[in-house]
Amino acid sequence: MRIFDEMESEVRGYIRSFPVVFDVARGSEMFDEHGNRYIDFFAGAGVLNYGHNNPRFSEAMIAYLERGGIVHGLDKATVAKRAFLTKFRDTILEPRNLNYKVQFTGPTGTNAVETALKLARMLKRRSNIIAFTNGYHGLTLGSLAVTGNYYYKDESYGSRSNSAFMPFDGFLGEGVDSVDYMRRFLEDGSSGIDLPAAVIVETVQGEGGVNVASIEWLQKLAGLCREFDILLIIDDIQVGNGRTGTFFSFERAGIQPDMVTLSKSIGGGLPMALLLMRPDLDQWKPGEHTGTFRGNNLAFVAATEALGYWENDDLSGAVAHKGEIIRGELQRIADRFPELNASVRGLGMIWGLELPQPGVAGETSAEAFTRGLVIETAGADDQVLKFLPSLLIDEDVLREGLAIVEASLEALVE
Ligand code: PMP
């Protein structure tokens, strides 16, 4: 590990959590340079919904490269981009009665978020954005301003202005609805909260600790936005692409956001991010919001193959089935160790095991790694063990990973 310690910035968090040198991977398994196997319950923080090196994607990319397909084309029209757009329209948008234009942004999630925030401000001529405590939208200056975790923020970043934070669903306790609370602030001219251009929200907070918004809350939030002429941006970067069982996470609430950010698994494992916007919102002047790496054609090739999994919506059933296995096992594990006061929450194939005693989730993750499982923590205090395996994980590998979590807790409790 010496070269990493010597040369890579102190910011390298995952090197510290998983201190081996990884080499190859397939599906839900990774191997270090000595051939040791690790089951992957982290899936690149949601990038690998279709697994590592999915052979369908690799074959398509190899064929594309072999025939000399253009890899870098800025935002020129290409055959690969046309194939992606066509499949996205035919497979994802039209069957769901959704009408959005697509803006390819820089290749990572925060680039799509920055684009959404900038467009919302430009359209509404207002600068305030409302976001939610424990929400996570990225760490560049604009997206950091709407990320609700002060660990990432320094006064000097100027990231405490132009945004206001409201409590997420359930955060005010039973019986107090945070959308009603929001309405009070918006109606009260002395609240100090300017009318926002947009609200940005995850339907399930991923980094924030797997907090699932209820359908009613999401519908009420969408209604409030409409009433006050506020744009609703759903950040589906982590929980889109089928993670919750439907392609978009907001489908379960039957709402139609004004804008949607997508990244992570949309590129089938390659860097890709995009903004979906209602067609009438596409008021950009040509070239007004550009960047060098908008739309990488190799990513379009992988992404087009990935959409193939949604042609018959055949993933939804598998996600529901495996999600139920995770929920059931986690509940059994939580019940087995009452001294840990553990609780289980999630949806589809994103689950959290909250271990409220300080440090326990982190220690479990470290112990699990020594037993061959890559799993990360989430939540404001890193108190939640987050289960985010590939949607295509084999059931026996899934159960093997869950058994490692149980054995790790058993070792810690003793
Ligand atoms: N939004 C959400 C919901 C995310 O989970 C993340 C990444 N964890 C981002 C935005 C930022 O994406 P990136 O790290 O690719 O910039």
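All values derive from a computational prediction rather than experimental measurement.

Rules used in this analysis
- Residues numbered from 1 in each chain as written.
- Predicted model: local features only at pLDDT ≥ 70, side-chain atom pairs only at ≥ 80, totals over all residues.
- Heavy atoms only, no water.
- Near = heavy atom within 4 Å.
- Polar contact = N/O pair within 3.5 Å; in protein donor to acceptor, adjacent residues only side chain to side chain.
- Areas by Shrake-Rupley, 256 points an atom, 1.4 Å probe, with all protein chains shown as cover.
- 1 Å grid on protein atoms, 1.4 Å probe; cavity = no way out; pocket = protein on both sides within 12 Å on 5 of 7 lines; lining within 4 Å.
- Sits in = over half its atoms within 2 Å of the grid points.
- Nonpolar A, V, L, I, M, F, W, Y, C, P; charged D, E, K, R; others polar.
- Pairing = 2+ DSSP bridges.
- Helix = DSSP H or I, 4+ residues; strand = E, 2+ residues; numbered from the N terminus.
- Contact = heavy atoms within 4.5 Å.
- Axes fitted to C-alpha atoms, helices over the stretch in contact; angles between N-to-C directions.
- Parallel < 35°, antiparallel > 145°, perpendicular 65-115°, else oblique.
- Left-handed = near helix turned anticlockwise from the far one by under 90°.
- Points joined across faces, edges and corners; volume = space filled by probe spheres on them.
- Phe/Tyr/Trp six-rings, centres within 6.5 Å; stacked < 30°, edge-to-face > 60°.
- Buried < 20%, exposed > 50% of the residue type's maximum accessible area, 1.4 Å probe, protein only.
- Lys NZ or Arg CZ within 6 Å of the ring centre and 35° of its normal.
- Core = buried A, V, L, I, M, F, W, Y, C linked by side-chain atoms within 4.5 Å.
- Patch = residues over 30% accessible without salt bridge, like charges linked within 9 Å, V, L, I, M, F, W, Y side chains within 5 Å.
- Salt bridge = Lys/Arg side-chain N within 4 Å of Asp/Glu carboxyl O.
- pLDDT = per-residue confidence, 0-100.

**A closer look at the site of the ligand**
Step number 1: In the vicinity of the ligand, the contacting residues are T108, G109, T110, Y136, H137, G138, E202, E207, D235, I237, Q238 and K264.
Step number 2: One of the backbone N or O atoms of G109 is found 2.8 Å from an oxygen atom in the ligand.
Step number 3: Contacts to the ligand include K264, whose side-chain N or O atom sits 3.0 Å from a nitrogen atom.
Step number 4: For the ligand, the accessible surface in isolation is 390 Å², of which the surrounding protein chains cover 85%.
Step number 5: Of the pockets mapped on this structure, the ligand occupies the largest pocket.
Step number 6: Its residues assigned to classes, the shell around the ligand comprises two nonpolar, six polar and four charged.

**Focus: the sheet that holds strand 3 (residues 37-40)**
Step number 1: Pairing is mixed in the open sheet, where four strands are placed in the order 1-2-3-15. Looking at strand neighbours, the two that pair on one side only are strand 1 (22-26) and strand 15 (373-374), the edges of this open sheet.
Step number 2: Sheet analysis places strand 2 (residues 29-32) next to strand 3, joined by three bridges and oriented antiparallel. From the neighbouring strand, M30 faces strand 3, where its bridge partner is Y38.
Step number 3: Where helix 13 (residues 395-413) meets the sheet, it contacts strand 3 and strand 15, and its direction lies at approximately 100° from that of strand 3.

**A word on the sheet that holds strand 11 (residues 259-262)**
Two modes of strand pairing occur in sheets, parallel and antiparallel, and in both the strands are linked by backbone hydrogen bonds.
Step number 1: Spatial ordering of the open sheet is given by 4-12-11-10-7-5-6, a layout of seven strands whose pairing is mixed. Both edges of this open sheet fall to strand 4 (101-104) and strand 6 (163-166), since each of them pairs with a single strand only. On average, adjacent strands in this sheet sit at an angle of 20° to one another, irrespective of strand direction.
Step number 2: Where strand 5 (residues 129-132) meets strand 6, four bridges bridge the pair, whose relative direction is parallel. Residue pairing across strands places I129 opposite S163, the latter belonging to strand 6.
Step number 3: Relative to the sheet, helix 6 (residues 109-124) contacts strand 4, strand 5, strand 7 (198-201), strand 10 (231-235), strand 11 and strand 12 (274-277), its axis offset from that of strand 11 by approximately 160°.

**Focus on the packing of helix 11 (residues 315-336) against helix 13**
Step number 1: Helix 13 packs onto helix 11 with a crossing angle of 15° between their chain directions and a minimal axis gap of 11 Å. Viewed along their axes, helix 11 and helix 13 adopt a mutual orientation that is roughly parallel. Between helix 11 and helix 13 lies a crossing of right-handed hand. Side by side, helix 11 and helix 13 meet where H321, K322, I325, I326, E329, L330, R332, I333 and R336 of the first sit next to E395, L398, R399, L402, E406, L409 and E410 of the second.

**Let's talk about the layout of surface pockets**
Step number 1: What the largest pocket holds in volume is close to 1,600 Å³.
Step number 2: Forming the walls of the largest pocket are 50 residues, and the residues nearest its centre are Y14, Y136, L139, Y152 and E207.
Step number 3: Elements represented by at least two residues in the lining of the largest pocket include exactly helix 2 (13-17), helix 3 (43-46), helix 6, helix 12 (360-370) and strand 16 (376-378).
Step number 4: Considering only residue class, the lining of the largest pocket consists of 21 nonpolar, 21 polar and eight charged.

**Observations concerning the packing of aromatic side chains**
Step number 1: The tally for this structure, following the rule as stated, stands at 23 aromatic pairs.
Step number 2: Residues F168 and F171 carry aromatic rings whose centres are separated by 6.1 Å and whose planes lie at 85° to one another, so their mutual orientation is edge-to-face.
Step number 3: On the accessibility criterion, F171 (35% relative accessible area) is partly exposed.
Step number 4: In this structure an aromatic cluster arises from ring pairing among F84, F88, F104, F247, F248, F250, F300 and W310.
Step number 5: One Lys or Arg, R56, reaches over the ring of Y309 and ends 4.0 Å from the middle of that ring.
Step number 6: The ring of Y150 carries the charged tip of K153 above its face, separated from the ring centre by 5.0 Å.

**Brief notes about the nonpolar core**
Step number 1: Counting 88 residues, the largest nonpolar core has F84, F88, F248 and F387 as the members making the most contacts within it.
Step number 2: It is helix 10 (residues 297-307) that provides the largest number of residues to this core, a total of eight residues.
Step number 3: Beyond its immediate sequence surroundings of up to four residues, F84 is in contact with F104, I266, M272, L274, F300, A303, T304 and L307.
Step number 4: Membership of the second largest hydrophobic core comes to 19 residues, among which are L117, I233, M259 and M277.

**Focus on the environment of S365**
Step number 1: Within the secondary structure, S365 is located in helix 12.
Step number 2: Measuring from C-alpha to C-alpha, the distance between S365 and R67 comes to 44 Å, with 298 residues separating the pair along the chain.
Step number 3: Here S365 is in contact with F18, I375, T377 and L385, once residues within four sequence places are set aside.

**A word on a nonpolar patch on the surface**
Step number 1: On the surface, L172, V176 and Y181 cluster together into a nonpolar patch covering about 220 Å² of accessible area.
Step number 2: As for its placement among the helices and strands, V176 is situated in the loop between strand 6 and helix 8 (178-187).
Step number 3: By relative accessible area, which is 45% here, V176 ends up partly exposed.

**Section: the confidence of the model for the protein chain**
Step number 1: Considering every residue of the protein chain, the mean pLDDT works out to 96; 100% of them sit at 70 or more.
Step number 2: Among the prediction metrics, the complex's ipTM stands at 0.99, with pTM recorded as 0.97.

**Some points on the pattern of salt bridges**
Step number 1: Following the criterion strictly, the structure yields 30 salt bridges and no others.
Step number 2: Salt-bridge contacts for R336 lead to E410; the nearest nitrogen and oxygen are separated by 2.9 Å. Within this pair, whereas R336 is found in helix 11, its partner E410 is found in helix 13, the two being separated by 74 residues in sequence.
Step number 3: With a relative accessible area of 31%, E410 lands in the partly exposed category.
Step number 4: Taking the shortest distance from any N to any O, the salt bridge between E395 and R399 comes out at 3.6 Å. Placement of both E395 and R399 in helix 13 is noted, with a separation of four residues, approximately one turn of the helix.
Step number 5: Judged by its relative accessible area of 41%, R399 is partly exposed.
Step number 6: When salt bridges that share partners are traced, they join E329, R332, R336, E406 and E410 into one network.

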